[in-house]
Amino acid sequence: MGTAAGACTGLLIFASPSSLATRFDSASKTQCVSCSCSTSSFTSTDPDQADDSPPKFTYSRASPSVRWPHLKLPESLTPHSQFLVAPPLLSRSTDKPNFGHVPGGASEEEGRSLDGVEPLDVNEVSLSEDGLGRPSRNKIKKMNKLALKRAKDWRERVKFYTDRILALKPEEFVADVLDDRPVQMTPTDFCFVVKWVGQCSWQRALEVYEWLNLRHGYSPNARMLATILSVLGKANQEALAVEIFTRAENSVGATVQVYNAMMGVYARTGRFGKVQELLDLMRERGCEPDLVSFNTLVNARLKSNSMVPGLAVELLGEVRRSGLRPDIITYNTLISSCSHGSNLEEAMKVYDDMEAHNCQPDLWTYNAVISVYGRCGQSSKAEQLFKKLESKGFFPDAVTYNSLLYAFAREGKVEKVKEICEEMVKKGFGRDEMTYNTIIHMYGKQGQTDLALQVYEDMKLLGRNPDAVTFTVLIDSLGKANKIMEAANIMTQMLDAGIKPTLRTYSALICAYAKAGKRVEAEETFNCMCRAGIKPDHLAYSVMLDILFRFNETKKAMVLYQEMLSGNFRPDRALYEVMLRSLRRENDADNIDKLVKDMEELCCMKPSVICSALVRGECYDHAATMLRLAIGNGHELDRNDLLSILSSYSSSGRHSEGINLLEFLKEHAGSNTLISEALVVMLCKAGKLDAALKVYSEISAYGSFSGSYIFYESLVQCCLDNELFIEASQVITDMRFYCVAPSKRLYEIMALVYCRMGFPETAHCFVNEAERKGILFDDNSIYVSIIEAYGVVKLWQKAESLVGGLRMRRSVDRKVWNALIHAYAASGCYERARAIFNTLMRDGPAPTLESINGLLQALITDGRLDELYVVIEELQDMGFKISKSSIILMLDAFARSGNVFEVKKIYAGMKAAGYVPTMHLYSIMIRLLCKGRRVRDVEAMVSEMVDAGFKPDLSIWNSMLKLYTGIEDFKKTVQVYQKIQEAGLKPDEETYNTLIVMYCRDRRAEEGLVLMHEMRRLRLEPKLSTYKSLISSFAKQHHLEQAEELFMELHSKGYKLDLSFYHIMMKLYRDLGDHSKAENLLLVMKEAGIEPTIATMHLLMVSYGSSGHPQESERVLDNLKVNGISLSTLPYSSVIDAYLKNGDYSIAIQKLDKMKSEGVEPDHRIWTCFVRAASLSQHACEAITLLNALKCSGFDLPIRLLTGKGKSLVSEVDLFLEKLHPLEDNAALNFVNALEDLLWAFELRATASWVFQLAIKKSIYRQDVFRVAEKDWGADFRKLSAGSALVGLTLWLDNMQDASLQGYPESPKSVVLIIGTAEYNLVSLNSTLKAFLWEMGSPFLPCKTRTGLLVAKAHSLRMWLKESPFCLDLELRDAPSLPEFNSMQLIDGCFIRRGIVPAFKDITERLGLISPKKFSRLALLSDDRRDKAIQADIEGAKEKLNKMKKVELRRTEKAERLQKKIVWKVMHKIEEKI
């Protein structure tokens, strides 16, 4: 219970407590009037009906004629054995008895009786017939002993003595009657006299017993002792019974009847321990307990309120283990005990055991079962059993009806209660006190006190006398309803009726005062109760302590607390919580320590329970200490206690103490989600995010989260503060997965996280979800964040919709409008932004600098830079001053657009306006200019920045490194790196990654690898793209070992490599013809979890084809078919191309036919393969065969170009290239390259020329393949095939020849031809063009600083173009007829003219690389003359070498002579000095 006052059953208030004190005191001196009730079913569970002493049981309906009036039974019918035998009516007018013989009268041995409340009289019916002693010899013997026993008038004799004794006046003595001996009595008769007298006056019964013991002619016996003990037990005179038992025990011996009677005395007061002691004492003294003993033990256990679940079955078993058979009394008592405990399951077990052992249930049994059903809330079952009673041979009595009535009243079924009451009346049963008490209690529980009072008035009108239970229930109900005056009236009526208030009555009154906060009245009532001789119980003490502590009466409360402990009462946990809370407010540490000690030592509370009490008492430091102790002792951790302690630490900023406590709990309490989550919260509040995320990852590993939003709120907020948005998103996802309801603050944090991450829709959904739940955001900041995020992702429509909805609900401030302007600006919606700006100008609030910048940004984003100046002028006309931030915004915009003039203009204007550039401004300009590759502007800006006193930082240098690397000016790249070192800056990852990429592009991969090792030494990790650049560079140079080493290093380190890495390695193996390694790479790829694609298998197949194994390539294709993969023409083209490169033209054609039969139509890939193969075929017939195969497959354009008139097919080629251009895999480029090779090879040069120009027109080739018209005269033939490059070279030379002859456009000092170093289908463009130019004797020479370039001085080039016989006619023409043989031949990757092949081999093999002019001169000679010339050149070279050796020898000899001469001079000078 929260407080003692809140837990009490009733709250009663007197209007004038002081006036009632006298009534209380006087009532306490009167004789206690016991409550009269019909059954025990109500009084045993309702605490309001319990008294400090068990009530005497009286039941006026014991007679069968009264219990079943509808059966018309005679009054003289002998009652059933389960009812008490009432003594006959007493008549004081009878002085002497009339002893007539009554034939057929009752037997002398009276049957056992069972009472619903008092089942202990069973011992009285089995008393021994032994006499009290023999009669005195001085007396005249009127009847012999046998005749006296056989006399049937024992009732008249007993009644005669009973009437005479009870008719005595208080000052008269029993001896006055007994000494006369008017009639002759047996010892058994005297036992019944004691019993019958005891039913009305235990004092007179005790006087009779003492008189008999004082007569010397009699001696105490077991039967008489048992009888008087039973009488005293019923009168609650336990002390007298104990005294008599102790005094007479030794004289009567170990008799089971005596022990049973004494056990019955203890059982009445529920002293189960004493009963158990007597039972053990019986066994020690050799007196074996009988069934009555065990029934008494069961009854004692019932009244001790210690019937724990399972005890009834256990007691039943104990009876059987003692060799006894439980009887109907045993079973009825156990079922009644289960009824008191509301234990239906166990009651049914006892009932089933009863039937299993053939013990026939009686009406008391069924009444008890109905009571169990009622108390367990199963009124329907109670009613079903009630209706079955007649079929079982029993008629319901008043007990049955009251039990059923209680069942429905307990559930508040008023109509059903009324129905049962009406049926009771119809059956002849009047509503007794029990019936009225039940109905009053029902209405009281429902708060219908008016109806309860009406029933109370009806009860009195019908002649029923309200008892203590009635008044207590009424006072309790009225007190709960705060009807203080009515409760006082009821108390007054109770006192007027002469009924002494019970402990429960006083407790209810005290509770009422406590609830009303009337400490003085409650204290006065408590004192009155004590003066009345009623000892306070646990409830009374608890209520008083509660109210005293609430009114800060600490001293009084502690005194009362000590009294409570002295009375053997222990406060419960709730009371301790109230006490601790009050002491904590007064900082009374000593008393807190005392209470903790009492809780531990006196109350035997567990440390965990004490910790909970301390927490609720707000003694958090003590609670933390006790929590450590509890966990150390192995107790379970209480969630609420821990959170309360941690909340105290958090609110006081003592995060470290909270973390220490949690770490202790985590170590000693094991894995616990609560501890881990609380630790995360405390770590977040302490700013230790890394540790918090580590603990969170441990929780995630187990996949268990609680439903506390505080945990998630703390973690997400901390991640947001540290900009760890990915982690925050993961936490939010986990929270949503575990269905945790977010708080208002958590909704805000979640929205901010997703705004920062660039997901404003998700953030907006969170806000909408919160608003649907009734959570309103008073601040507009969350909406501003969402609008800004919408602007970033260019969703201005949603931002606009959000503002529109917001305006309908609340006023919109300037921040929201500015955010919307910037959202429009991000999408370039200047007109919309200007409309908002104009609205602010018209309606307010006034625009700010942020609004102006939003307008300018809208124009910039929309690309309307030319309107910036117009808007600036308009703003100035409105009175706005253009700020520095606006100028920088404009400057940044023009810089990004590459408008150097405007950038310089704005920059100059800014400086003229007095705005000094900052480091940030320089950094922005330099980075933007670097991105635009504005080299000169960047260098000028850096110089100016240095002159202004600013030193470039590492980010600027890194931007310049990327600039020079991008334009492949590697020399300046190195210079920038040197400046970084000179400035003392420490290169970062970006610096090293850029330098490594620079080395890779410059084909200096080895140096890049060295730099990577240096980077790792500095604990900087290269990017994965850097690894890719290195591997690709090594692969291009065919450095297999280095490429494999890097690749395996990445693989061993667990990097997740994408397909591009494997494809690079696959291409390397393809180029090297190492198909076995390509196969192994495929296995490695699958082990890494990357499924090979068709492109991967294509590379493998190409690798097989390049190594001359087309069959293996075909095997791969067959495997793809078996796996059911949907195939395109790509794998088929790989197989066909492999056979074509191997010269197996017929097989390739067969594979083409097979592909068509499998439903795969040929496309550009197949066409390109066949055209390329035709261009490399030796004979024209082979080329025609291959092209005819294409014709048969539905593509005849190549054969028509080769054999027909080319110019007539221009439109068809144009249309075909138009369709081919949008296809993937560079379809148009590859086909045109192959077609150009074919046309050049078979001397269709004019056709090749117009196809080349058509490809440029269609943007298949770059527009700037050669740039003579741009005054550059340069050319770039990269990505062209050999035939295409030869066509382009011829056209380029022709253009340059025209320009040199016309003198316009002028040439630069040097002309550069870019040819690259890559191979195209195993053909080296570098070798092919060199051979062609060398044959012509051109002035082009390889560049000394960069590979892939040919450079010629412009003057030499112009002279060569004018004078060289090879340049006299550069016009491209078609051969009149198709030549029989291919005019070109592929040798070692060089696509060279067939006629020059022998000379080329002879010259390169014997002389190596020579100058173009020398090569041209030698190539034009006949074989004999060329052989002589080469031989002469070789001999001349030898002679020159020998001559050089002789010259070197003479120089060496001369140097030696000079050295000797110097040495001689030095020695001569030394000798002269000596």
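These figures come from a predicted structure and were not determined experimentally. (Residues numbered from 1 in each chain as written. Predicted model: local features only at pLDDT ≥ 70, side-chain atom pairs only at ≥ 80, totals over all residues. Heavy atoms only, no water.)

Colleague: Help me understand the sheet that holds strand β5 (residues 1341–1342), please; the structure alone is not making it clear to me.
Modeller: Through backbone hydrogen bonds, the strands of a sheet pair up, either in parallel or in antiparallel fashion. Overall, mixed pairing links the four strands, which are arranged β1-β2-β6-β5 in an open sheet. Edge positions in the sheet fall to β1 (1275–1276) and β5, since each of these pairs with one other strand and no more. (Pairing = 2+ DSSP bridges. Helix = DSSP H or I, 4+ residues; strand = E, 2+ residues; numbered from the N terminus.)

Colleague: Would you mind going over the pattern of salt bridges with me for this structure?
Modeller: Side-chain pairs of opposite charge can arise where the charged atoms are in close proximity. Applying the stated criterion across every chain yields a total of 53 salt bridges. K274 serves as the salt-bridge partner of E277, at 4.0 Å between the closest nitrogen and oxygen. Here E277 and its partner K274 are both found in helix α12 (residues 272–284), three residues apart, which amounts to about one turn of the helix. A single network of salt bridges, built from pairs that share partners, joins E383, K387, K416 and E419. (Salt bridge = Lys/Arg side-chain N within 4 Å of Asp/Glu carboxyl O.)

Colleague: Whenever I open this one, the pairing of strand β7 (residues 1384–1387) confuses me. Can you help?
Modeller: The side chains of a regular strand alternate, first on one face of the sheet and then on the other. One ladder, built from four bridges, connects β7 with strand β8 (residues 1390–1393); its direction is antiparallel. Paired with Q1385 across the bridge in β8 is I1392. Here β7 hands over to β8 after two residues, with D1388 in that stretch at a positive phi of 50°.

Colleague: Even after reading the chapter, I still don't get the packing of helix α27 (residues 538–550) against helix α29 (residues 573–585), so can you show me in this structure?
Modeller: The geometry of a pair of packed helices is captured by two quantities: the angle between their axes and the separation between those axes. It is the contact of α27 with α29, at a shortest axis distance of 9 Å, that shows an interaxial angle of 20°. With respect to each other, α27 and α29 are oriented roughly parallel. In the packing of α27 onto α29, the handedness of the crossing is left-handed. Residues S542, L545, D546 and F549 of α27 form the contact with α29, whose participating residues are L575, V578, M579, S582, L583 and R585. The residue inventory of the contact of α27 with α29, partitioned by class, reads six nonpolar, two polar and two charged. (Axes fitted to C-alpha atoms, helices over the stretch in contact; angles between N-to-C directions. Parallel < 35°, antiparallel > 145°, perpendicular 65-115°, else oblique. Left-handed = near helix turned anticlockwise from the far one by under 90°. Contact = heavy atoms within 4.5 Å. Nonpolar A, V, L, I, M, F, W, Y, C, P; charged D, E, K, R; others polar.)

Colleague: Explain the environment of L1046 here, please?
Modeller: Within the secondary structure, L1046 is located in helix α56 (residues 1040–1052). For the pair L1046 and L1009, spaced 37 residues apart in sequence, the C-alpha separation works out to 9.3 Å. Beyond its immediate stretch of four places on either side in the chain, L1046 contacts L1009, M1012, Y1027, L1030, I1031 and F1034.

Colleague: Whenever I open this one, the packing of aromatic side chains confuses me. Can you help?
Modeller: Aromatic ring pairs are reported here in terms of the distance separating the ring centres and the angle at which the planes meet. One pass over the full model with this rule turns up 26 aromatic pairs. What links up through ring pairs into an aromatic cluster is the set W1167, F1195, F1216 and F1231. Above the face of the W1240 ring, R1245 is positioned so that its terminal group lies 3.9 Å from the ring centre. (Phe/Tyr/Trp six-rings, centres within 6.5 Å; stacked < 30°, edge-to-face > 60°. Lys NZ or Arg CZ within 6 Å of the ring centre and 35° of its normal.)

Colleague: Would you mind going over the packing of helix α41 (residues 781–792) against helix α42 (residues 796–809) with me for this structure?
Modeller: Packing of α41 against α42 leaves a shortest axis separation of 8 Å and a crossing angle of 160°. Between α41 and α42, the angle falls in the class roughly antiparallel. Of the two possible hands of crossing, α41 and α42 adopt the one that is left-handed. For the pair α41 and α42, the contacting residues are Y783, I786, I787 and Y790 in the first and W796, K798, A799, L802, V803, L806 and R809 in the second. Classifying every residue of the contact of α41 with α42 gives nine nonpolar, no polar and two charged.

Colleague: When you look at the state of the cysteines in this model, what are you seeing that I'm missing?
Modeller: Here a disulfide denotes a covalent bond joining the sulfur atom of one cysteine to the sulfur atom of another. Under the criterion given, the structure shown has zero disulfides. Note on C528: no disulfide assigned, nearest cysteine sulfur contributed by C530 at a separation of 9.2 Å. Take C528: its relative accessible area is 1%, and that puts it in the buried class. No disulfide involves C719; its sulfur sits 6.3 Å from that of C718, the nearest cysteine. (Disulfide = S-S within 2.5 Å. Buried < 20%, exposed > 50% of the residue type's maximum accessible area, 1.4 Å probe, protein only.)

Colleague: Can you help me understand the side chain of T435 in this one?
Modeller: With respect to the helices, strands and loops of the structure, T435 is situated in helix α21 (residues 433–445). Note on T435: relative accessible area 0%, which makes it buried. Polar side-chain contacts of T435 include one of 2.7 Å to the side chain of D432. (Polar contact = N/O pair within 3.5 Å; in protein donor to acceptor, adjacent residues only side chain to side chain.)

Colleague: So what exactly am I meant to see when it comes to a nonpolar patch on the surface here?
Modeller: Together, L1458, I1462, V1463, V1466, M1467 and I1470 make up a nonpolar patch on the protein surface, roughly 520 Å² of accessible area in all. Relative to the elements of secondary structure, I1462 occurs in helix α74 (residues 1423–1473). Owing to a relative accessible area of 42%, I1462 belongs among the partly exposed residues under this scheme. (Patch = residues over 30% accessible without salt bridge, like charges linked within 9 Å, V, L, I, M, F, W, Y side chains within 5 Å. Areas by Shrake-Rupley, 256 points an atom, 1.4 Å probe, with all protein chains shown as cover.)

Interpretation in functional terms is not warranted from these geometric data alone.
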